[in-house]
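Listed below are the residues making up each chain.
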Amino acid sequence: MNLILLFADDFDAHGHAILRDSRRLDHICKVHRAKLGDTLRVGLVDGLMGSGEVIAMDGQQITLQVSLTEPVPPPSNIHLILGLPRPPMLKRTLQTIAALGVKQLTLLQSARVEKSYWQSPQLQPQKIREELLLGLEQGCDTQFPTIHTAKRFRPFVEDQLPELIQDHDALLAHPYVTTPCPTSTNKPTLLAIGPEGGFIDNEIAMLSEAGFTGVTLGRRIMRVETVVPYLLGRLGG
């Protein structure tokens, strides 16, 4: 927890943040080992970052005098389109994209995605928010990503992509093409990454017809949880 995230309902009438939940209390006491007068790095969800001085603490709560003056890091300019991963991998991926500043993620059904994945508890809004929160704390950010779902591949490509792709570059990660992945991008970019096993040929053809350019990191086959941070870091979005 590199950043203690604060919520609007943490604040009392005097503008002090009062933390009572065990997760943040345990982290501040056991990891930061904070004492009265210590200063912690804090951020208000969807707001600014700054510092929080510990002005009172006991076994039940910690009170912070908060100063919020710092802007959040600039967001990534990448909208990630991701074949829905297996639930354990989705959990890690959500944390990763939040830590790296991605603000738009579309989880996409494709031929190699087990339809049962959509019934996973990991896709419940509260569970998604919990993983994104962990990523924001890690990456020192306060702005939650927006998560979209597309449970049918063809309607997504035919009905939604034409609007999404306007004024965007569109890259499709695929090991069996010859165009190397760019090392940076300054333009808003759609980045499509398949599920485990990748997109099937017909899906690749549809994405290519929609305007995506296939790019490769080489012929090594990577897991989704590896290729997502690798590509996001490489593109520097």
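The preceding data block contains the structure.
Residues numbered from 1 in each chain as written. Predicted model: local features only at pLDDT ≥ 70, side-chain atom pairs only at ≥ 80, totals over all residues. Heavy atoms only, no water.

Participant: Talk me through the overall build of the protein chain; I want residue IDs and the actual numbers.
Facilitator: The helix and strand tally for the protein chain stands at six helices and eleven strands. Structurally, the protein chain occupies a C-alpha span of about 60 × 35 × 35 Å along its principal axes. Within the protein chain, the fraction of its 237 residues that count as buried is 44%. In the protein chain, of all internal contacts separated by at least 6 residues, the share reaching a separation of at least 24 is 69%. Total accessible area on the protein chain is roughly 12100 Å²; 50% of this is exposed by carbon and sulfur atoms. Once the 23 positive and 25 negative side-chain charges of the protein chain are each reduced to a mean point, those two points are 7 Å apart. (Helix = DSSP H or I, 4+ residues; strand = E, 2+ residues; numbered from the N terminus. Buried < 20%, exposed > 50% of the residue type's maximum accessible area, 1.4 Å probe, protein only. Contact = heavy atoms within 4.5 Å. Areas by Shrake-Rupley, 256 points an atom, 1.4 Å probe, with all protein chains shown as cover. Lys, Arg positive; Asp, Glu negative; His and termini not counted. Charge placed at Lys NZ, Arg CZ, Asp CG, Glu CD.)

Participant: Which residues make up unusual backbone geometry, and what are the values?
Facilitator: Positive phi outside glycine occurs at Arg33, with the angle close to 55°. Mapped onto the elements, Arg33 comes out in the loop between helix H1 (22–31) and strand S3 (39–44). Unlike most non-glycine residues, Asp46 shows phi in positive territory, near 65°. Looking at the element boundaries, Asp46 is found in the loop between S3 and strand S4 (49–57).

Participant: Go over the sheet that holds strand S10 (residues 189–193), please, and point to the residues and values.
Facilitator: For sheets, the rule is that strands pair by backbone hydrogen bonds, running either parallel or antiparallel. Strand order in the open sheet made by the six strands is S8-S7-S6-S10-S9-S11, with parallel pairing throughout. Edge positions in the sheet fall to strand S8 (146–150) and strand S11 (213–215), since each of these pairs with one other strand and no more. Strand-to-strand twist across the sheet, computed as the mean angle between neighbouring axes with direction ignored, equals 25°. The pairing of strand S6 (residues 78–83) with S10 spans five bridges and is parallel. Bridge pairing in S10 places Ile78 opposite Thr189. (Pairing = 2+ DSSP bridges. Axes fitted to C-alpha atoms, helices over the stretch in contact; angles between N-to-C directions.)

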